[in-house]
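Descriptive analysis of the structure
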Amino acid sequence: GTALVSTLGAASVAEAVTATMSGNHQTGVEFDSPTGGTDTNAQINDNNFTVSLSETTDGGMTISSSFKLMDENAGAGDIDAGFTLAFTDGSKLDLLNAGNASGSHDISVPSSAGAEGVATTSTNVAPNGLDTGTDATVLGLEYHTASDFLVDGLKMSASISTDTGAAATSTYRTDSHVAIGATYVTDFGDTTVTIGAGYSDSEGSDSQTAPTADNNGIHVGLSAVTGDLTVAVGFADGHSSTIGGTSAEEADYEV
């Protein structure tokens, strides 16, 4: 601010820049029931954030400006979150666009030189992750227990979501899901061991000739970290209507 004012040839700065911030974050569920169409449910977001800056010179002149923050790369993979309620006991509840409790506890298996791979088109396959069957909709919630739940090192979560009401297309649509997951962390000397497991079941449909399909699966993994060395192993098994690349077929998978 001082450099800018000096460059303009104005008097010296009398005080530091005053900044004020204002905005809103609105999130919720909108239910539409048109007379001649299909009932739909959707998560609606309206977000604005503005920063205002002002500066007063010794001569009493005020220089002010403002800018608005926005996400220039918003898309399907970068959407607004819902609410998170954090409780005094350390647990929390995610509301709207919450996620899938099974995927929250999958073990990440590190790859080496990139030679490993699985010849399917699922959204997440080994060696990076095991949450291939964790479909969910934004109309859901996920509850996370506090750390050291029941025993030291154990943390669990459960989630559920419901149908958005959108019409079925050639792409598999998730109608509802339920899931549960757990992570246990313990130390053996200098080694930190993490065990993760989860189960997910989703019901869905598409407009192809195949019958209404569902995605479900289990996964379990173990990771051991000693200093800079991480060794991990994982296994997933399930049934999916999207993993094969053709929306009208169903497939069993193991990773």
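Up top is the structure.
Read on for a plain summary of the structure. No experiment lies behind these values; they were computed from the predicted model shown.

Rules of the game
- Residues numbered from 1 in each chain as written.
- Predicted model: local features only at pLDDT ≥ 70, side-chain atom pairs only at ≥ 80, totals over all residues.
- Heavy atoms only, no water.
- Helix = DSSP H or I, 4+ residues; strand = E, 2+ residues; numbered from the N terminus.
- Buried < 20%, exposed > 50% of the residue type's maximum accessible area, 1.4 Å probe, protein only.
- Contact = heavy atoms within 4.5 Å.
- Areas by Shrake-Rupley, 256 points an atom, 1.4 Å probe, with all protein chains shown as cover.
- Pairing = 2+ DSSP bridges.
- Axes fitted to C-alpha atoms, helices over the stretch in contact; angles between N-to-C directions.
- Patch = residues over 30% accessible without salt bridge, like charges linked within 9 Å, V, L, I, M, F, W, Y side chains within 5 Å.
- Salt bridge = Lys/Arg side-chain N within 4 Å of Asp/Glu carboxyl O.

As for the overall build of the protein
A count of helical and extended segments in the protein gives one helix and 12 strands. The N-to-C order of helical and strand elements in the protein reads α-β-β-β-β-β-β-β-β-β-β-β-β. A buried classification covers 30% of the 255 residues belonging to the protein. Long-range pairs, those at least 24 residues apart, make up 54% of the contacts in the protein with a sequence separation of at least 6. Summing over all exposed atoms, the protein offers an accessible surface of approximately 14,700 Å²; the carbon and sulfur share of this is 55%.

Here we look at the pairing of strand β4 (residues 83-86)
In terms of strand pairing, β4 meets strand β5 (residues 92-95) through four bridges, oriented antiparallel. Residue pairing in the sheet places Phe83 in a bridge with Leu95 of β5. Between β4 and β5, which follow one another and run antiparallel, lie five residues, and Gly90 among them has a positive phi close to 95°.

Observations concerning the sheet that holds strand β2 (residues 40-56)
Across the sheet, which stays open at both edges, the three strands sit in the order β1-β2-β3 with antiparallel pairing between neighbours. The sheet is open, and its two edges are formed by β1 (18-32) and β3 (62-68), each paired on a single side. Each neighbouring strand pair of the sheet contributes to a mean axis angle of 15°, computed without reference to strand direction. Here 15 bridges tie β1 to β2, and the two strands are oriented antiparallel to one another. Looking at the pairing, Val29 lines up with Gln43 of β2.

Digging into the pairing of strand β11 (residues 229-240)
Alignment of strand β10 (residues 214-226) against β11, held across 11 bridges, turns out to be antiparallel. Residue pairing in the sheet places Val225 in a bridge with Thr230 of β11. The hairpin turn running from β10 into β11, its antiparallel successor, is two residues long, and Gly227 in that turn takes a positive phi close to 60°.

Observations concerning the side chain of Ser200
With respect to the helices, strands and loops of the structure, Ser200 is situated in strand β9 (residues 191-205). For Ser200, the contacting residues outside a window of four places in its chain are Asn100, Ser102, Gly133, Thr134, His177, Val178, Ala179, Asn215, Asn216 and Gly217.

What to know about unusual backbone geometry
At Asp148, a residue that is not glycine, the phi angle is positive and equals roughly 60°. Take Asp148: it is sitting in the loop between β6 (140-144) and β7 (154-161). Even without being a glycine, Leu150 presents a positive backbone phi close to 70°. By the element assignment, Leu150 lies in the loop between β6 and β7.

A look at a nonpolar patch on the surface
Taken together, Phe149, Leu150, Val151, Tyr184, Ile195, Val220, Leu222, Val233 and Phe235 make up a surface patch of nonpolar side chains, about 770 Å² in accessible area. Where the nonpolar patch is concerned, the elements lending two or more residues are β10 and β11. Secondary-structure assignment places Phe235 in strand β11. Classification of Phe235 as partly exposed rests on a relative accessible area of 37%.

Some words on the environment of Ala86
Along the chain, Ala86 falls in strand β4. Classification of Ala86 as exposed rests on a relative accessible area of 67%. In the structure, Ala86 is positioned 60 residues away from Ala146 in sequence and 9.9 Å away in space, judged by C-alpha atoms. In this structure, Ala86 is in contact with Ser91 and Lys92, ignoring residues within four places of it in sequence.

Quick word on the environment of Leu69
In this fold, Leu69 is placed in the loop between β3 and β4. Spatially, the C-alpha atom of Leu69 lies 6.3 Å from that of Thr50, the residues being 19 residues apart in sequence.

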